[in-house]
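# Fold and geometry: a report
Okay, here's what each chain looks like letter by letter:
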Amino acid sequence: GQQVMQIPQYQHVQEGEDFTTYCNSSTTLSNIQWYKQRPGGHPVFLIQLVKSGEVKKQKRLTFQFGEAKKNSSLHITATQTTDVGTYFCAGRGAGGTSYGKLTFGQGTILTVHP
Amino acid sequence: ETGVTQSPTHLIKTRGQQVTLRCSSQSGHNTVSWYQQALGQGPQFIFQYYREEENGRGNFPPRFSGLQFPNYSSELNVNALELDDSALYLCASSLGQGQSVLGYTFGSGTRLTVV
């Protein structure tokens, strides 16, 4: 079945440093979504990427979808303590039987030291 | 606009028992998905309901079942609980289904502990 791998598992940064997490799927995706989960909280939707090679920005966050639609990345510029949490990518398969099924990566836990 | 609400927030059950978890979807959302999140892992898709019918299922045994009601709220039932069923159970609602769905709105989850 479809697998989504995410690296790194942990990332510790000083406030102001940049952060990047990478996501790779074993199969071609129709789209990929990114979520943030604060400690003790639930996943919160950040963005969805659909097109091959798509790049989207949200303030300090930059999201990319690979040309082959099998990989994606999230880059945070100049991290702040409010960025702390686990960042998940979640891919939807390109097949017609993928109704509803998002395959989540294991997540990258980001800690930011002030 | 209300978000997704789940009940109960915490639950402790004994191995072999049955449990029912409840979810009220966000206003205007007609699709509900359920996910299981073990500690330190990403959410795993259990199934999705649209128009009161299950229309997608992950790799979970039949003892995991669900319902969706005409008001789009939903239940997740788990029979014959096992220790490995201990996890955070997340309900996510959305408008539409399949490839047209945008981001999901997750509830705060039910923390189930099986002892």
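Summarised in this report is the structure supplied together with it.

It is worth spelling out the packing of aromatic side chains at this point. Aromatic ring pairs are reported here in terms of the distance separating the ring centres and the angle at which the planes meet. If you walk through the whole model with that rule in mind, you get 12 aromatic pairs over all chains. Measuring from centroid to centroid gives 5.3 Å for Phe-47 of chain B and Tyr-49 of chain B, while their planes differ by 85°, and the two rings are edge-to-face. This pair shows no difference in class: Phe-47 of chain B is buried, exactly as Tyr-49 of chain B is. Relative to Phe-64 of chain B, the ring of Phe-60 of chain B has its centre 5.1 Å away and its plane inclined at 65°; by these criteria the two rings are edge-to-face. A relative accessible area of 15% places Phe-60 of chain B in the buried class. Accessibility expressed as a relative area gives 1% for Phe-64 of chain B, which makes it buried. Among the aromatic residues, those joined into a ring-pair cluster are Tyr-35, Phe-45, Phe-88 and Phe-104 of chain A together with Tyr-35, Phe-45 and Phe-106 of chain B.

Okay, the interface of chain A and chain B next. Contacts between the two partners involve 22 residues from chain A, matched on the other side by 23 residues from chain B. With both sides pooled, the region where chain A packs onto chain B buries about 1700 Å², and carbon together with sulfur makes up 52% of that total. Put simply, the parts of the chain that give the side of chain A that touches chain B at least two residues each are strand 4 (29-37), strand 5 (44-49) and strand 9 (85-93) of chain A. With five residues, strand 4 of chain A is the largest single contributor of residues to the side of chain A that touches chain B. Broken down by class, the residue content of the side of chain A that touches chain B amounts to seven nonpolar, 13 polar and two charged.

Residues and elements named next belong to chain A. A sheet is described by the order of its strands in space; here five strands give the open sequence 1-3-8-7-6, paired in antiparallel fashion. Here the strands that pair on one side only, and so sit at the sheet edges, are strand 1 (4-7) and strand 6 (55-58). Here the strands of the sheet are splayed against their neighbours by 15° on average, with no regard to which way each runs. By the bridge criterion, four bridges tie strand 6 to strand 7 (residues 61-65) in an arrangement that is antiparallel. Paired with Val-55 across the strands is Gln-64, a residue of strand 7.

Right, let's get into unusual backbone geometry. Residues Ile-7 of chain A and Pro-8 of chain A are joined by a peptide bond in cis, for which omega reads -5°. Within the secondary structure, Pro-8 of chain A sits in the loop between strand 1 and strand 2 (10-14). In this structure, the amide linkage connecting Ser-7 of chain B to the following residue, Pro-8 of chain B, adopts the cis form with an omega of -10°. Here Pro-8 of chain B shows up in the loop between strand 1 (5-7) and strand 2 (10-13). Of note in this structure, Ala-78 of chain A is not a glycine but carries a positive phi near 50°. Mapped onto the fold, Ala-78 of chain A is located in the loop between strand 8 (71-76) and strand 9. Given a relative accessible area of 31%, Ala-78 of chain A falls into the partly exposed group. The backbone phi angle of Ala-80 of chain B is positive, close to 45°, even though this residue is not glycine.

All names here are of chain B. Ordered in space as 1-3-8-7, the four strands form an open sheet in which the pairing is antiparallel. The sheet is open, and its two edges are formed by strand 1 and strand 7 (64-68), each paired on a single side. Each strand axis lies, on average, 20° off the axis of its neighbour in the sheet, ignoring direction. Here five bridges tie strand 7 to strand 8 (residues 74-78), and the two strands are oriented antiparallel to one another. Residue pairing in the sheet places Phe-64 in a bridge with Val-78 of strand 8.

Conventions we followed
- Residues numbered from 1 in each chain as written.
- Chains lettered and ligands numbered in written order.
- Predicted model: local features only at pLDDT ≥ 70, side-chain atom pairs only at ≥ 80, totals over all residues.
- Heavy atoms only, no water.
- Phe/Tyr/Trp six-rings, centres within 6.5 Å; stacked < 30°, edge-to-face > 60°.
- Buried < 20%, exposed > 50% of the residue type's maximum accessible area, 1.4 Å probe, protein only.
- Contact = heavy atoms within 4.5 Å.
- Buried area = accessible area lost by both parts, 1.4 Å probe.
- Helix = DSSP H or I, 4+ residues; strand = E, 2+ residues; numbered from the N terminus.
- Nonpolar A, V, L, I, M, F, W, Y, C, P; charged D, E, K, R; others polar.
- Pairing = 2+ DSSP bridges.
- Axes fitted to C-alpha atoms, helices over the stretch in contact; angles between N-to-C directions.

Nothing here speaks to function; it is geometry throughout.
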